[in-house]
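Examining the three-dimensional arrangement
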Amino acid sequence: MTENDPCKLNIQGADGEVPSPENSEARQAYFIRRMQAYVADKSLTMRRPLTACIVTFGCQMNARDSEKLAGVLKACGFVLQDDENADFVLYNTCTVRDNADQHVYGRLGRLHEYRRSNSFMKVALCGCMMQQSSCVEKIRRSYPFVSLIFGTYNIYCLPEYLWEVYHSRKRVIEIWDGSEQTSDALPAERKFSFKSGVNIMYGCNNFCSYCIVPYVRGRERSREPEDILREVRRLAASGVKEIMLLGQNVNSYGKTLEHPLTFAQLLEEVCAIDGIERIRFMSSHPKDLSDELIDTIARNPKVARHIHLALQSGSDRILTAMNRHYTKAHFLDLAGRIRGCIPDVAITTDIIAGFPGETAEDVDETIDVIEKVKFENAYTFIYSVRSGTPAAKMVQLPEEVKKENFDRILSAVQASSKERALALQGRCFEALAESLDEQQPGYVTGRLSDNMIVHFRGDASMIGHFYQVRLDECRGFYYFGTVINGQESAE
Ligand code: SAM
Ligand code: SF4
Ligand code: F3S
């Protein structure tokens, strides 16, 4: 089930003059109204609804953007579906690693097949990959059936682009280098009725030497706290119980505001909102995570017992080359303080294997951190060259060395996650029932505060509610459990 987020755009009213681009909210509302009329008319002549499908690649930021893009398509009158055999197909792309790019090219090739049976199909691409001119050029040359391309800064213009795509014979390609405007006013069609992401900031200023994100998402911009709190209140009023505050480095939230506010202060205010029962955030940078934040999490039971803290490497030499601005000792000390102050917290991480110059000794240092912190989970990536980043100009390791380093790190990570998961056996925690268990009829899948997945007996009526669950049987990285007393937890 999905629900519309309340939308700031006023899409009622008769068509008048096209509002100027400066008045972006009125302008996009105008094009939504025009598209509503167009889609209704087309549906009549085609004697079926017009369908749309959004495929999202990449991180939580992209997932949230896709909810807004879906909100626009729905407001225009398209019926949303998961099947890519639709009238309007939009890929919201990621370019963090080369395999993300390759994935999109592969999917586009297959999409071409669907177009043979539906000549009315329009294909559009947006997101981080489109901020790279080489990717846009390749699509322009090799995928002539793509009729719309836009980037990360102008997703709020989708209504206008839709109008152009359906009323001009030309391809629409609009990539911007930046924008003062955001997509905050767009309606959002949430994937889950009971949980939602909330952007608190955009972009990143850290320029880790391997990372493309600052180039495709721009400089760090924090949203005004009042706007964030208003959005969270509205979400709570529409039935949302869990929110995830989103930013590439939430710990530096608020520094650029006219009236600076720390992330811990913002979190405290979000905790005070009635109806919101669980608050997550993503991601934390180890250089900026403050004692104030650790204390705020420890004092507020609404804040999830889960901190995602990207390590990237345990070697000081590699951390310096990565431009991460912390040392192994700092990370270990920080993880120790977090575990010491927040009982039952899960610490998860990202690690890159095969960064230029990484030796077996550097990998030993990374494994040492894994064994000391005992991460509950870690996403391990093989380093991928991103052109235009400083690390792309460094001397690269041979593929087999990267793979060897990756395999060593992965086995350390798996041992650590297994040990952490097993330690929870027999204990009771609150789980939010999130979906029907796809593998096991008669079961639902829930998530604990620490992000552990647990499957337990249940049905669709339980989704979106909290239950006390005993963790009975560990299956590696998830649990089978039992609801205690069959009662929903007091919310
Ligand atoms: N801002 C987040 C942070 O610093 O925690 C990370 C966001 S990034 C989208 C997610 C992860 O992708 C990073 O933590 C890093 O491990 C990985 N990553 C980024 N660039 C990469 C590259 N060029 N090759 C491999 N992995 C990369
Ligand atoms: Fe990329 Fe570093 Fe920014 Fe994370 S903090 S998005 S890894 S540049
Ligand atoms: Fe990918 Fe862009 Fe996120 S590059 S990881 S979708 S910010």
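1. As for the site of ligand 3
Near ligand 3 the following residues occur: Cys59, Asn62, Cys94, Thr95, Val96, Cys128, Arg217 and Gln248. Across the shell around ligand 3, the residue classes break down as 4 nonpolar, 3 polar and 1 charged.

2. Quick word on the environment of Leu257
Within the secondary structure, Leu257 is located in the loop between β10 (242-246) and α8 (263-271). Here the alpha-carbon distance between Leu257 and Glu224, two residues 33 residues apart in the chain, equals 7.2 Å. With residues near it in sequence (within four places) discarded, Leu257 still touches Ser222, Arg223, Glu224 and Pro225.

3. Comments concerning the packing of aromatic side chains
What the rule picks out here adds up to 21 aromatic pairs. Their ring planes at 40° and their centres at 5.3 Å tell us that Tyr38 and Tyr166 sit as a pair that is tilted. Residue Tyr38 is found in helix α1 (residues 24-46), and its partner Tyr166 is found in helix α5 (residues 158-167); the two are separated by 128 residues along the sequence. Grouping residues by exposure puts Tyr38 and Tyr166 together as buried. Joined through ring pairs, the aromatic side chains of Tyr38, Phe78, Phe88, Phe120 and Tyr166 make up one cluster. Its end group placed over the ring of Phe381, Arg97 keeps NZ or CZ at 3.7 Å from the ring centre. Here the basic side chain of Lys138 rests over the ring of Tyr105, its NZ or CZ set 4.1 Å away from the ring centre.

4. Comments concerning the site of ligand 1
Near ligand 1, the surroundings consist of 15 residues, among which Tyr210, Gln248, Gln312, Asp350 and Ser384 are the closest. At a separation of 3.5 Å, an oxygen atom of ligand 1 approaches a polar side-chain atom of Arg324. A distance of 2.6 Å separates an oxygen atom of ligand 1 from a polar side-chain atom of Asp350. Across the complex, the protein chains shield 91% of the 570 Å² of accessible surface that ligand 1 would expose by itself. Elements with a contribution of two residues or more to the shell around ligand 1: β13 (346-353) and β14 (377-382).

5. Quick notes on the pairing of strand β4 (residues 122-127)
Regular strands show a simple pattern: their side chains alternate between the two faces of the sheet. Across the 6 residues of β4, 5 count as buried, placing the element largely inside the fold. Note on the crossover from strand β3 (residues 88-93) through helix α3 (residues 98-117) to β4: the handedness is right-handed. Note that the unit made of β4, helix α4 (residues 133-142) and strand β5 (residues 146-150) has a crossover that is right-handed.

6. Structural notes on the domain arrangement of the protein
Structurally, the protein comprises domain 1 (3-174), domain 2 (189-422) and domain 3 (428-488). Of the residues lining the interface, 27 residues belong to domain 1; the matching set on domain 2 comes to 28 residues. Buried surface at the junction of domain 1 and domain 2, summed over both partners, amounts to about 2500 Å²; 48% is from carbon and sulfur atoms. Applying the counting rule to domain 1 against domain 2 returns 4 salt bridges. Residues Glu231 and Arg64 are paired through a salt bridge, measuring 3.2 Å at the closest nitrogen-oxygen approach. Where domain 1 meets domain 2, there are 13 residue pairs in polar contact (both at pLDDT 80 or more). Of all the secondary structure elements, the ones that give two or more residues to the side of domain 1 that touches domain 2 are α2 (60-76) and α3. For the side of domain 1 that touches domain 2, the per-class residue count stands at 8 nonpolar, 8 polar and 11 charged.

7. Let's talk about the pairing of strand β7 (residues 195-199)
Of all the 5 residues making up β7, 5 are buried; the element is thus mostly covered by neighbouring parts of the structure. Side chains of β7 alternate between two faces, with Lys195, Gly197 and Asn199 and Ser196 and Val198 buried alike. Here β7 runs beside β10; their pairing, made up of 5 bridges, is parallel. Across the sheet, the residue bridging to Ser196 is Ile243, located in β10.

8. What to know about the pattern of salt bridges
Under the definition given, this model contains 36 salt bridges. In this structure, Glu67 engages Arg64 in a salt bridge whose closest nitrogen and oxygen atoms are separated by 2.7 Å. Taken as a pair, Glu67 and Arg64 lie in helix α2 at a separation of 3 residues, close to a single helical turn. Judged by relative accessible area, Glu67 falls into the buried class, the value being 12%. Notably, a salt bridge pairs Lys372 with Asp368, separated by 2.8 Å at the nearest N-O pair. Linking Lys372 with Asp368, this pair stays in helix α12 (residues 360-373), spanning 4 residues, or about one helical turn. Residue Lys372 is classed as exposed on the basis of its relative accessible area, which comes to 53%. By relative accessible area, which is 21% here, Asp368 ends up partly exposed. If you follow the salt bridges from partner to partner, you end up with Arg64, Glu67, Arg223 and Glu231 in one network.

Calculation notes
Residues numbered from 1 in each chain as written. Chains lettered and ligands numbered in written order. Predicted model: local features only at pLDDT ≥ 70, side-chain atom pairs only at ≥ 80, totals over all residues. Heavy atoms only, no water. Near = heavy atom within 4 Å. Nonpolar A, V, L, I, M, F, W, Y, C, P; charged D, E, K, R; others polar. Helix = DSSP H or I, 4+ residues; strand = E, 2+ residues; numbered from the N terminus. Contact = heavy atoms within 4.5 Å. Phe/Tyr/Trp six-rings, centres within 6.5 Å; stacked < 30°, edge-to-face > 60°. Buried < 20%, exposed > 50% of the residue type's maximum accessible area, 1.4 Å probe, protein only. Lys NZ or Arg CZ within 6 Å of the ring centre and 35° of its normal. Polar contact = N/O pair within 3.5 Å; in protein donor to acceptor, adjacent residues only side chain to side chain. Areas by Shrake-Rupley, 256 points an atom, 1.4 Å probe, with all protein chains shown as cover. Right-handed = clockwise from strand over helix to strand, strands pointing away. Domains from an automatic or database assignment. Buried area = accessible area lost by both parts, 1.4 Å probe. Salt bridge = Lys/Arg side-chain N within 4 Å of Asp/Glu carboxyl O. Pairing = 2+ DSSP bridges.

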